[in-house]
Amino acid sequence: MKESCATATANRQLRQKLAPGSVKVGLDAKNSLYEVFHENTKLGRLSGRAYSTWILNFNWSRTSRQTMRPLLTSWQTGKGYKPYTLMERRELPPVEARAELERTIAARRSIRTFSGAPISFEELARLLFFTYGRTDPHGNFRAVASGGALYPLELYVVAYKVDGLDPGVYHYGVETNHLDVVKPGECLAAFKDAVYWQGVDVDNASLAIIVTAAFPRNTIKYLDRGYRMILMEAGEAAQNLSLIATSMDLGVCLLGGFNDDLLSTFLDIDGVEEAPLLPVLVGRTAATNGS
C-alpha cells in the first residue's frame, strides 16, 4: 500500500530532521529522540491492523491467561493494587465525597453511549475554557500546570451537534477566547475514518475535542525531557475536560486509538511539528457503560 501524501510529507520531514549532519553533537543531538519514539508509536492502516491482531492474539494466548487472569480477578474483587504484606500499616480515616469537586471526581466515568441530543454553544465555551483556557485575568496562566508556562497543547473541536455552531472543525483560540474555522461543513464521517471507535457511540455524541501538541514549543527549552512534560500536561487537560463535563451532566470518552496521519490530515496539521495526542468524545448521556 502506498503511503498518503500527508504521510509521505511527514516522513520526509522527519527523515530530514534525523539525517546525518542535520543535528549537532552533544545535547542537541538528543533533541530528535522524542520524534523517533513518537513516530514509532503511531498507528496507520497497516500498523493499526497489525496492532489489533496482536492484541486479539494476546487475549487468546496462554501468556494472557497466565498474566492477565490474576490481574482481572484482582480488579473484579477491587484488589487492583500493589500489596506490602509484611510492612507495618497506619490506617487512614474513612473518606466520603463532601465538596462538589469531590462528588464530581467520584462520579467521573467513561461514557460510551450518548443520547444524540446537541449541547449548547455556551456549554462548549465552558468546556474549552475550563479545560485549557486562560484562567488568570492578569496574566498568561491557564487551567493546567505547564513546564515553564510554555503551554504546548492545542485544542480542536469537531462539532456536529452543537446548537448555534455550524458543523465543522474548529481551533480553540485561547488568547481571545474564540474559535478559528479550520474546515467548515459536515465532518463526522471523516473523523470516524481517522479514529478507532468500535464499542463507542460516536454518531450520537455531540462533538469531539482533539488535544494536539506543538512539540518544539516545549522541547526547544527542555529537550527530550520536554516530551514527558507534554504528555503529563495532556493528561491534566484531559482530566480537566472529564471533570468539567461530568459536573455539567455530560458524558466523555477518551479514545486512545486513532490513525495518526489521517487525524493529522483531518486537522490540517503536519503530524511532526504538531501532532494529535488524544481525541475525546463529548455528548449528552444515554445509558452509562463506564470505567
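The present account deals with the structure reproduced in this document. (Residues numbered from 1 in each chain as written. Predicted model: local features only at pLDDT ≥ 70, side-chain atom pairs only at ≥ 80, totals over all residues. Heavy atoms only, no water.)

1. Let's talk about the packing of aromatic side chains
(1) Moving on: Scanning the entire structure with this criterion turns up 7 aromatic pairs.
(2) Moving on: Consider the rings of Tyr-34 and Phe-215, whose centres lie 5.4 Å apart with planes at 50°: the pair is tilted. With Tyr-34 in helix α2 (residues 33–40) and Phe-215 in the loop between β6 (207–214) and α8 (216–222), this pair connects stretches of sequence that are 181 residues apart. Of the two residues, Tyr-34 and Phe-215, both sit in the buried class.
(3) Moving on: Taking the centre distance of 6.2 Å and the plane angle of 80° together, the rings of Tyr-132 and Tyr-151 count as edge-to-face. Note that Tyr-132 is positioned in helix α6 (residues 121–132) and Tyr-151 in the loop between α6 and β2 (153–159), a separation of 19 residues in sequence.
(4) Moving on: Judged by its relative accessible area of 1%, Tyr-132 is buried.
(5) Moving on: Every member of this aromatic cluster is reached through a ring pair, and the members are Tyr-34, Phe-37, Phe-215 and Tyr-227.
(6) Moving on: The ring centre of Trp-197 lies 4.4 Å from the NZ or CZ of Lys-192, which sits over that ring. (Phe/Tyr/Trp six-rings, centres within 6.5 Å; stacked < 30°, edge-to-face > 60°. Helix = DSSP H or I, 4+ residues; strand = E, 2+ residues; numbered from the N terminus. Buried < 20%, exposed > 50% of the residue type's maximum accessible area, 1.4 Å probe, protein only. Lys NZ or Arg CZ within 6 Å of the ring centre and 35° of its normal.)

2. Here's the deal with the packing of α6 against helix α9 (residues 225–247)
If you want to describe how two helices pack, look at the angle between their axes and the distance between the axes.
(1) Moving on: Orientation of α6 relative to α9, taken along the N-to-C sense of each, is 140°, at an axis distance of 8 Å. In the packing of α6 onto α9, the handedness of the crossing is right-handed. Along the contact surface, α6 presents Arg-126, Leu-127, Phe-130, Thr-131 and Tyr-132, while α9 presents Glu-233, Ala-237, Asn-240, Leu-241, Ile-244 and Ala-245.
(2) Moving on: A breakdown of the residues in the contact of α6 with α9 according to their chemical character gives 7 nonpolar, 2 polar and 2 charged. (Axes fitted to C-alpha atoms, helices over the stretch in contact; angles between N-to-C directions. Left-handed = near helix turned anticlockwise from the far one by under 90°. Contact = heavy atoms within 4.5 Å. Nonpolar A, V, L, I, M, F, W, Y, C, P; charged D, E, K, R; others polar.)

3. Some remarks on a nonpolar patch on the surface
(1) Moving on: Taken together, the side chains of Tyr-51, Trp-54 and Ile-55 define a hydrophobic patch exposed on the protein surface, amounting to about 350 Å² of accessible area.
(2) Moving on: For Trp-54, a relative accessible area of 56% corresponds to the exposed category. (Patch = residues over 30% accessible without salt bridge, like charges linked within 9 Å, V, L, I, M, F, W, Y side chains within 5 Å. Areas by Shrake-Rupley, 256 points an atom, 1.4 Å probe, with all protein chains shown as cover. Salt bridge = Lys/Arg side-chain N within 4 Å of Asp/Glu carboxyl O.)

4. Considerations on the pattern of salt bridges
(1) Moving on: Going through the model one piece at a time under the given rule, you end up with 9 salt bridges.
(2) Moving on: In this structure, the salt-bridge partner of Lys-42 is Glu-39, at a minimum N-O distance of 3.2 Å. You'll find Lys-42 and Glu-39 in the same group, each marked buried.
(3) Moving on: With its nearest N and O atoms 3.4 Å apart, the salt bridge here joins Glu-88 to Arg-90. Comparing Glu-88 with Arg-90, the two get one shared label, exposed.

5. Things to note about the sheet that holds strand β5 (residues 178–184)
Strand-to-strand pairing in sheets goes through backbone hydrogen bonds, with the strands running parallel or antiparallel.
(1) Moving on: Strand order in the open sheet made by the 6 strands is β5-β4-β2-β6-β8-β7, with antiparallel pairing throughout. Only two strands of the sheet have a single neighbouring strand rather than two, namely β5 and β7 (250–254). The sheet shows a mean angle of 25° between the axes of neighbouring strands, taken without regard to direction.
(2) Moving on: Across 4 bridges, the pairing between β2 and strand β4 (residues 168–173) is antiparallel. Note that in β4 the partner of Val-157 across the bridge is Tyr-170.
(3) Moving on: Lying on the sheet, α6 is in contact with β2, β4, β5, β6, β7 and β8 (274–284); it crosses β2 at an angle near 160°.
(4) Moving on: Its contacts with the sheet place α9 against β2, β6, β7 and β8, and it is angled at close to 155° to β7. (Pairing = 2+ DSSP bridges.)

6. Looking at the side chain of Glu-154
(1) Moving on: Its location among the elements puts Glu-154 in strand β2.
(2) Moving on: There is a polar contact of 2.7 Å between the side chain of Glu-154 and the side chain of His-171.
(3) Moving on: Within the structure, the side chain of Glu-154 is placed 2.8 Å from the side chain of Arg-217, a separation counted as a polar contact.
(4) Moving on: Ignoring sequence-local partners within four residues, the contact set of Glu-154 consists of His-171, Tyr-172, Ile-210, Val-211, Thr-212, Arg-217 and Glu-274. (Polar contact = N/O pair within 3.5 Å; in protein donor to acceptor, adjacent residues only side chain to side chain.)

7. Some remarks on the pairing of β6
(1) Moving on: For β6, the tally of buried residues reaches 8 of 8 residues, placing the bulk of the element in the interior.
(2) Moving on: Residues Leu-207, Ile-209, Val-211 and Ala-213 point to one face of β6 and Ala-208, Ile-210, Thr-212 and Ala-214 to the other, with burial holding for every one of them.
(3) Moving on: Here 7 bridges tie β2 to β6, and the two strands are oriented antiparallel to one another. The residue bridging Glu-154 from the neighbouring strand is Thr-212, located in β6.
(4) Moving on: Bridge count for β6 against β8 is 8 bridges, and the pairing is antiparallel. Of the residues in β8, the one forming a bridge with Thr-212 is Pro-276.

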